[in-house]
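Here is how the chains run, residue by residue.
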Amino acid sequence: MAQDSPLFSCPRCGAPARPNQRFCPNCGLSAEEAFPYLHGPAGQSLPPQFSPNTTGQPQGTPPSAAARSLARRPPRQRWLLAVPLVLVLLAALAYLAAGLSGLPVPGFRSSEQGTVTTRVLNTTVTYASARLTIQRVQQAQTFADDPQATSDGMLRIFLHEENPTNSQITYNLYQCSHLLVPGKGAQAPLLVTANGPLAPQASRNNVLDFAAPANVSLGQLALRLGTESEAQMDIPLTSNPDLSRYAPRNVKLHTELQYFGLNWTVSGATLTWSTAGQQAARGKIFLTLTLTVDNTLAQTAIPGSPYEYIRLQTENGGSIAPSYSRLPVAFAQGATNQSGTVTFLVPQKSQQFTLTMGQSGSGMQSASVSLRLTA
């Protein structure tokens, strides 16, 4: 008698089962216990191994190779996201290659120098006792040989520096030189090719680069010399600018007085913006008085240090001690026309002073004389 073919498989172990069997011959699963396996949660379809097996193949058979390959395939969203990332990377590489090749790409400096406009000036001014000559200036969109240059406009100043004194002059051009640009104020240099002390009787050539919009004309620009604490000088970058206010001003005087038994004559005054390698303080100027002395005494006269007995009184009553002096401390018997100088730091706008000589406790009567510095 032919045996009935199994129509279903056990939903738990996959063993063949015949119709009307109440228990699985392999795992003993009852028909009631098999119900959840066959139907699953409401609204959810059962996996194939829990469905009735109409082919006779045991349930729980591993999926085919094609099904496994399909399961391992990346979701479509993954490669769709990778496409823009690859495009961005390619664009960045192209931008970098263009910049490195010298093409005019923002963020990269071209190795080729663009158009440069040059103007010869040869303007000379004295700053901190050094003679500074602005030989020429150049304007360009940028300077290819300056690693600090911007790409939206540059100005280059060719500066010749001389130290005519016998002492070292020290200043820092990064701090004491600025370019006055309309709408942008004072701009510090981006590059100074030579900086530091200037030896006695030495000279050097220098280059100063400033950021300045290319559409600003040279007539609108000026070089400012002097730090915030110094008397600043603004030099227009034009041909033959009027710099008379920065030039030394000499005033002839002939004022006499007597002190310490000596005959004193103030023979002249000189106003300068700098002396002895030092720029005047902000709002001030150096006033140097030249004095001559005659000693008619029968002995050497020793008035002492001018820093102790000479003062300059301002119109508002302020007392100013000498900043520098080259007056002798003693005058030999019979000396005539023995000269020297004494220098004071005075307000720029003051024109009227009183020179006083005297020292408390010296036993000598003090003396004074008025000085007017009008031309």
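Quick note: structure is the one above.
Described below are features of the structure shown in this document. (Residues numbered from 1 in each chain as written. Predicted model: local features only at pLDDT ≥ 70, side-chain atom pairs only at ≥ 80, totals over all residues. Heavy atoms only, no water.)

## As for the overall build of the protein
When you go through the protein residue by residue, the secondary structure sums to 5 helices and 22 strands. The buried share of the protein, taken over its 375 residues, is 37%. Across the protein, contacts joining residues at least 24 apart in sequence account for 58% of those joining residues at least 6 apart. (Helix = DSSP H or I, 4+ residues; strand = E, 2+ residues; numbered from the N terminus. Buried < 20%, exposed > 50% of the residue type's maximum accessible area, 1.4 Å probe, protein only. Contact = heavy atoms within 4.5 Å.)

## Looking at the pattern of salt bridges
All chains considered together, the criterion is met by 6 salt bridges. The structure contains a network of salt bridges with shared partners spanning Asp145, Arg156 and Asp209. (Salt bridge = Lys/Arg side-chain N within 4 Å of Asp/Glu carboxyl O.)

## Examining the sheet that holds strand β12 (residues 249–259)
In sheet architecture, strand pairing relies on hydrogen bonds along the backbone and comes in two forms, parallel and antiparallel. Spatially, 5 strands are ordered β12-β13-β16-β20-β19 in an open sheet, and the strand pairing comes out antiparallel. Edge positions in the sheet fall to β12 and β19 (324–325), since each of these pairs with one other strand and no more. Of the pairings in the sheet, the one linking β12 to strand β13 (residues 262–272) comprises 9 bridges and is antiparallel in character. Its bridge partner lying in β13, Thr255 is registered against Val266. (Pairing = 2+ DSSP bridges.)

## Digging into the pairing of strand β4 (residues 130–140)
Walk down a regular strand and you will see the side chains alternate between the two sheet faces. For β4, a buried count of 8 out of 11 residues is recorded, marking the element as mostly surrounded by other parts of the structure. Sheet analysis places strand β3 (residues 116–127) next to β4, joined by 10 bridges and oriented antiparallel. Looking across to β4, one finds that Arg119 is bridged to Val137. Between β3 and β4, which pair antiparallel one after the other, the connecting turn spans 2 residues, and Ala128 there sits at a positive phi close to 50 degrees. Strand direction decides the pairing type here: β4 and strand β5 (residues 154–162), joined by 9 bridges, are antiparallel. By the bridge assignment, Gln139 is partnered in β5 with Leu155.

## Regarding the nonpolar core
Residues Tyr171, Leu237, Trp264, Leu289, Leu312 and Leu355 are the most contacted members of the largest nonpolar core, which totals 67 residues. For this core, the element with the highest residue contribution is strand β16 (residues 284–294), accounting for 6 residues. Residue contacts for Tyr171: discarding those within four places in its chain leaves Tyr127, Ala128, Ala130, Leu132, Glu161, Cys176, Asn195, Gly196, Leu198 and Arg204. (Core = buried A, V, L, I, M, F, W, Y, C linked by side-chain atoms within 4.5 Å.)

## Some remarks on the side chain of Gln232
Mapped onto the secondary structure, Gln232 falls in the loop between β10 (222–225) and β11 (233–236). A polar contact of 3.3 Å, which involves the side chain of Gln232, links it to the backbone oxygen of Gly226. Apart from the residues within four sequence positions on either side, Gln232 is in contact with Arg224, Leu225, Gly226, Thr227, Tyr246, Trp273 and Arg282. (Polar contact = N/O pair within 3.5 Å; in protein donor to acceptor, adjacent residues only side chain to side chain.)

## With respect to the sheet that holds β11
The strand order across the open sheet formed by 4 strands is β7-β6-β10-β11, and the pairing between neighbours is antiparallel. Of all strands in the sheet, those bounded by a partner on one side alone are β7 (185–187) and β11. The sheet shows a mean angle of 35 degrees between the axes of neighbouring strands, taken without regard to direction. In the sheet, β10 pairs with β11 via 4 bridges, with the strands oriented antiparallel. (Axes fitted to C-alpha atoms, helices over the stretch in contact; angles between N-to-C directions.)

## Examining the environment of Val342
By the secondary structure assignment, Val342 is in strand β20 (residues 338–347). Using a relative accessible area of 1% as the deciding quantity, one classes Val342 as buried. Separated by 54 residues in the primary sequence, Val342 and Thr288 place their C-alpha atoms 5.6 Å from one another. The residues contacting Val342, other than those within four sequence positions of it, are Leu287, Thr288, Leu289, Leu291, Pro322, Tyr324, Ser325 and Leu327.

## Digging into the packing of aromatic side chains
In this structure the tally under the stated criterion is 7 aromatic pairs. Consider the rings of Tyr246 and Trp273, whose centres lie 5.0 Å apart with planes at 80 degrees: the pair is edge-to-face. One end of the pair, Tyr246, is in the loop between β11 and β12; the other, Trp273, is in the loop between β13 and β14 (274–275), with 27 residues separating them in the sequence. Each member of the pair, Tyr246 as well as Trp273, is classed as buried. With a centroid separation of 5.7 Å and 80 degrees between ring planes, the pair formed by Trp264 and Phe331 is classed as edge-to-face. (Phe/Tyr/Trp six-rings, centres within 6.5 Å; stacked < 30°, edge-to-face > 60°.)

## Some points on the environment of Gly334
Topologically, Gly334 is positioned in the loop between β19 and β20. Between the alpha carbons of Gly334 and Thr300 there is a distance of 8.3 Å; along the sequence they are 34 residues apart. Ignoring sequence-local partners within four residues, the contact set of Gly334 consists of Asn295 and Leu297.

By themselves, these figures tell us nothing about what the structure is for.
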